[in-house]
Amino acid sequence: MLVFVVSIIFAGCSSKEKNEDIVTERVTASDFVLEVTTSPVLSTGETMKVKGTLKYTGITPIEVTHGRPIIRFFFSGSDEERNYTDVGYVTEFKSGQVVEVEDEFKVTQKGKQNLYVDMTADIALTMDPIEIIVK
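Given the structure is predicted, the values throughout are model-derived calculations rather than measurements. (Residues numbered from 1 in each chain as written. Predicted model: local features only at pLDDT ≥ 70, side-chain atom pairs only at ≥ 80, totals over all residues. Heavy atoms only, no water.)

1. Quick notes on the overall build of the protein
1) Next: Looking only at helices and strands, the protein has one helix and nine strands in total.
2) Next: Secondary structure of the protein in N-to-C order comes out as α-β-β-β-β-β-β-β-β-β.
3) Next: Split into buried and exposed, the 135 residues of the protein put 30% on the buried side.
4) Next: Taking contacts inside the protein between residues at least 6 apart in sequence as the whole, the part at least 24 apart equals 66%.
5) Next: Carbon and sulfur atoms provide 51% of the accessible area of the protein, an area that totals close to 8,500 Å². (Helix = DSSP H or I, 4+ residues; strand = E, 2+ residues; numbered from the N terminus. Buried < 20%, exposed > 50% of the residue type's maximum accessible area, 1.4 Å probe, protein only. Contact = heavy atoms within 4.5 Å. Areas by Shrake-Rupley, 256 points an atom, 1.4 Å probe, with all protein chains shown as cover.)

Following this line, the structure appears as structure tokens:
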């Protein structure tokens, strides 16, 4: 029993430390919730990983017209560019449905940088830029 309790304590500490290394921003509009998770502090040469989650909280199914991917990321601290498809996709969201989009950027510029989140969909969700510190 003691081993079980001690392992739970260590698991809780590790989880808490890991959470200090990430930041999650959230915005809600209408029946949608957008969450974006990434590291707030990076070094040049590292790969920044970012994850966006869009959840439909409405009850009635709804069709959304969008580009691909539905969640797009732009990072000012990277020289990488993305080629996205702007139109032509329709997704029917049902209650509780979640869409996840992950992306990576090679970090090339020091200083305060911004992660921008965009959606080309007929959903009005606006998220302020997420500040990333690059050492």
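2. Observations concerning the environment of Ser30
1) Next: Its place among the elements puts Ser30 in the loop between strand E1 (23-29) and strand E2 (32-38).
2) Next: Looking at Ser30, the relative accessible area reads 70%, which means it is exposed.
3) Next: Through-space distance from the C-alpha of Ser30 to that of Leu125 is 8.7 Å; in sequence the pair is 95 residues apart.

3. Concerning the pattern of salt bridges
In a structure, side chains of opposite charge can pair up when their charged atoms sit close to one another.
1) Next: In total, this model carries five salt bridges according to the counting rule given.
2) Next: In this structure, Arg26 and Glu35 form a salt bridge, with 2.2 Å as the shortest nitrogen-oxygen distance.
3) Next: On the basis of relative accessibility, which here comes to 58%, the residue Arg26 falls in the exposed class.
4) Next: For Glu35, a relative accessible area of 23% puts it in the partly exposed group.
5) Next: When salt bridges with common partners are traced through the structure, they connect Glu80, Arg82 and Asp103 into a single cluster. (Salt bridge = Lys/Arg side-chain N within 4 Å of Asp/Glu carboxyl O.)

4. A closer look at the pairing of strand E5 (residues 62-75)
1) Next: Sheet analysis places E5 next to strand E6 (residues 85-93), joined by six bridges and oriented antiparallel. Its bridge partner lying in E6, His66 is registered against Tyr89.
2) Next: Here E5 runs beside strand E8 (residues 111-121); their pairing, made up of six bridges, is antiparallel. Note that in E8 the partner of Phe73 across the bridge is Val117. (Pairing = 2+ DSSP bridges.)

5. A word on the sheet that holds E2
1) Next: If you trace the four strands from one edge of the open sheet to the other, you get E1-E2-E4-E7, paired in antiparallel fashion. A single partner strand is all that each edge strand has here, and the edge strands are E1 and strand E7 (98-106). Taken over all neighbouring pairs, the strand axes of this sheet differ in orientation by 15° on average, direction set aside.
2) Next: Bridge count for E2 against strand E4 (residues 47-56) is seven bridges, and the pairing is antiparallel. Counterpart to Phe32 in the pairing with E4 is Tyr56. (Axes fitted to C-alpha atoms, helices over the stretch in contact; angles between N-to-C directions.)

6. Let's talk about the confidence of the model for the protein
1) Next: Looking at the protein, the pLDDT average stands at 84 and 85% of residues meet or exceed 70.
2) Next: Across residues 1-19, confidence stays below pLDDT 50; counting only partners more than four residues off in sequence or on other chains, it has zero contacts. (pLDDT = per-residue confidence, 0-100.)

7. A closer look at the environment of Met119
1) Next: Topologically, Met119 is positioned in strand E8.
2) Next: Overall, Met119 belongs to the buried group, its relative accessible area being 10%.
3) Next: Placed 33 residues apart in sequence, Met119 and Asp86 show a C-alpha to C-alpha distance of 9.8 Å.
4) Next: Beyond its immediate chain neighbours, meaning those up to four positions away, Met119 contacts Leu34, Leu54, Ile70, Ile71 and Leu125.

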